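One letter stands for each residue in the lines below.
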Amino acid sequence: MNGRLALLIGSIGFFWVLAFNTGDPFFSNLAYLGTGGLILSWLWSRTVLAGIELRRFPSAGTSQVGQRIDEVFELRNHGRMPKMWLELTDYSTLPHHESSRVVANLRRGGRRRWQIRTQCRMRGRFMLGPMRVRSSDPLGLFMRELHLPARTGITVFPVAVDLPHFTPVVSDLSGDERIRLRTPVVTTNASSVRDYTPGDGQNRIHWLSSARRNRLIVKEFELDPSAHVQLFLDLAAAPEVSLPTPPPVTGPTVFGGWGRQSRTDATWLPPSTTEYSIAASASVVRHFLRGGRAVGLTAYGQVRITLPPDRGGRQERKLLESLAVLEAEGGVSMAEFILNDGLHLSRHETLMVVTADPDPLWVQALRELRMRGVGSLALVVDCQTFDPARSMQAVFAELASARLPHYRIAQDQPLAEALAGNPQRTWLNGSQGDHARGEPSYSQTLNLP
C-alpha cells in the first residue's frame, strides 16, 4: 500500500467518524465523496492493463562488438478503455540496452511503434527481455503490473579486426601427402564415394558412379594438402590482469577506432589481458579462415573446449561463438596446456599460442614441440603494460633465446600494428632493449632451422 492510498483511507475513516458523531452533512458528503472516489479508482485500475499487447522484433540473433542491434517494439491496446500512461521496464542483460520508457495516451485500438538501437560494447551471450508493464488509475492509488516473460537470446561475437600485414610462417606439406581428415567442405581432394543421403548438395554427386549403379552416389572429401592452424588460447585465472574501466574518452583507442563517446566506436576493449587475448584470437581466426586455411581451437576456460580444424564460414561462426562466452576461469597453466595437448599435433600443423602468462616454462614447452617438428607461433599479450609489477622480460628473453617467432601485444596498441608482418625490432641474445624501458617493440617471424 502506497502512502497516498493510506492517507486517503485514513481521511475517509476520519470523515465517517465525524459524520456519525456530529451529524453534520458536510462531513457526510466528504465521506461519501472519498469512498466513491476510492471505489472508482479501484475499478479503473482493473482495466488499465486489459487488452495490452507488447511485441518485440530483434534484428538478428547475433552481433559483434562495435556493431549495432536494432530492436523494434510494438505496443497495442485491444481493450475498451484508453490508457493514460504505461510504464515499460526492460530487464534485458545486454549492456547499454536502454529500451525502458513511458507511453502516454494510448487510445482504444491504438498502436505505438518505436525502434531501439544499441551499440554492442561487450562480448557474450545475453537475453533480450523479459519486460514489465505498469500503470494505475488517474489518482495513482492502485498500481497494476503485467509481466511479459518472453525472452530472446543474442550472442555478441568478440571484436575481430582486419590484419592486412599479418604474414606468419606456417607449415606446409610436401608432395602429394594429404591430411586424412574428413570434411563436409567441398575440396579438390575426393577420397571415396558413398550413397546419397538427404541434405547432400548437388555439387557432391558423382554422376558417372550414379549412372553405373542406377542410384545417386556422392563424393567424400578430405582436407587440402596444406597445414592447418591449431589455436591454443590461454584462459588460466592466475595470469589474468584486469583493470577498472576508464571513464569515456575521445580520441584513438586500442584498435585504431575512437573513444566511447563516439557513436561509431567499433573497437573499444576493456583493459583486460583476457579481452585482448580473445580479440587477437578472433582476428587471427578470421584471417586464416578467409585465407583458405583450416583452423581449430582448444582452450581451458570454464570448461575445456576443443573444436577440430575445419574451413569455411560455418567454422568461423562456431569459433566466434565459443570465443564470445569464454572467460579466464581455467586452472591449467600454459606450460601444462602445451605439454598435454601438444602431444596430438603433427609436423604438418602450426600451433598458435595466445597467452599473457609471465612464466617462461611455456616457452620451454614450445621448444620441445619444435624438436618434434611442430611449428609454433606465439601471440604474447604483455601483461606488464597492464600491471608494471608483472615482468615479461623472462618470457621475451626465453623466446628470443629459443628463436621462436612471436608477436607482442601491448595495452592501447592497435592490433593490426602489433601483428604486422614486417618486424621492427628483435630482442635476441638476452638483450633487454626496449622491453626493459617499457617501450613498444615488435618481435616477428624468425625462420626456424
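Definitions and limits used
Residues numbered from 1 in each chain as written. Predicted model: local features only at pLDDT ≥ 70, side-chain atom pairs only at ≥ 80, totals over all residues. Heavy atoms only, no water. Helix = DSSP H or I, 4+ residues; strand = E, 2+ residues; numbered from the N terminus. Contact = heavy atoms within 4.5 Å. 1 Å grid on protein atoms, 1.4 Å probe; cavity = no way out; pocket = protein on both sides within 12 Å on 5 of 7 lines; lining within 4 Å. Points joined across faces, edges and corners; volume = space filled by probe spheres on them. Nonpolar A, V, L, I, M, F, W, Y, C, P; charged D, E, K, R; others polar. Polar contact = N/O pair within 3.5 Å; in protein donor to acceptor, adjacent residues only side chain to side chain. pLDDT = per-residue confidence, 0-100. Pairing = 2+ DSSP bridges. Axes fitted to C-alpha atoms, helices over the stretch in contact; angles between N-to-C directions. Parallel < 35°, antiparallel > 145°, perpendicular 65-115°, else oblique. Left-handed = near helix turned anticlockwise from the far one by under 90°.

Another point: the overall build of the protein chain. Counting its secondary structure elements, the protein chain contains 10 helices and 19 strands. In the protein chain, of all internal contacts separated by at least 6 residues, the share reaching a separation of at least 24 is 71%.

Let's shift gears to empty space enclosed by the protein. As enumerated under the stated definition, the model contains four cavities of 30 Å³ or more in all. Space inside the largest cavity adds up to approximately 70 Å³. Lining the largest cavity we find Asp234, Leu235, Ala236, Pro239, Glu240, Thr273, Thr274, Ser277, Ala328, Thr355 and Ala356. When residues in the lining of the largest cavity are grouped by element, the largest group, three residues, is from helix H4 (residues 273–290). Split by residue class, the lining of the largest cavity holds five nonpolar, four polar and two charged.

Turning to the side chain of Arg121, a few remarks are in order. In this fold, Arg121 is placed in the loop between strand S6 (111–119) and strand S7 (124–128). Within polar-contact distance, the side chain of Arg121 engages the side chain of Gln119 at 3.2 Å.

Let us look at the confidence of the model for the protein chain. Of the residues in the protein chain, 81% reach a pLDDT of 70 or more, and the chain-wide mean stands at 82. Residue range residues 248–267 is modelled with pLDDT below 50. Its contacts to residues more than four positions away, or to other chains, number 53 contacts. Below a pLDDT of 50 lies the segment residues 422–449, which in the model reaches 58 contacts outside its immediate sequence neighbourhood of four places, other chains included.

Reading across the sheet, the three strands line up as S1-S3-S6 and stay open at both edges, with antiparallel pairing between neighbours. Two strands in the sheet have a free side with no partner beyond their single neighbour: strand S1 (52–58) and S6. Each strand of the sheet is rotated relative to its neighbour by a mean of 15 degrees, with strand direction disregarded. With nine bridges joining them, strand S3 (residues 68–77) and S6 adopt antiparallel strand pairing. Note that in S6 the partner of Glu74 across the bridge is Arg113.

This paragraph deals with the packing of helix H7 (residues 361–371) against helix H8 (residues 393–402). One can describe the packing of H7 onto H8 by two numbers: an axis separation of 9 Å at closest approach and a directional angle of 15 degrees. Of the possible angle classes, the one that applies to H7 and H8 is roughly parallel. Here H7 runs over H8; the crossing is right-handed. Where H7 approaches H8, its residues Trp362, Val363, Gln364, Arg367 and Arg370 are matched on the opposing element by Val395, Glu398, Leu399, Ser401 and Ala402. Split into classes, the residues belonging to the contact of H7 with H8 amount to five nonpolar, two polar and three charged.

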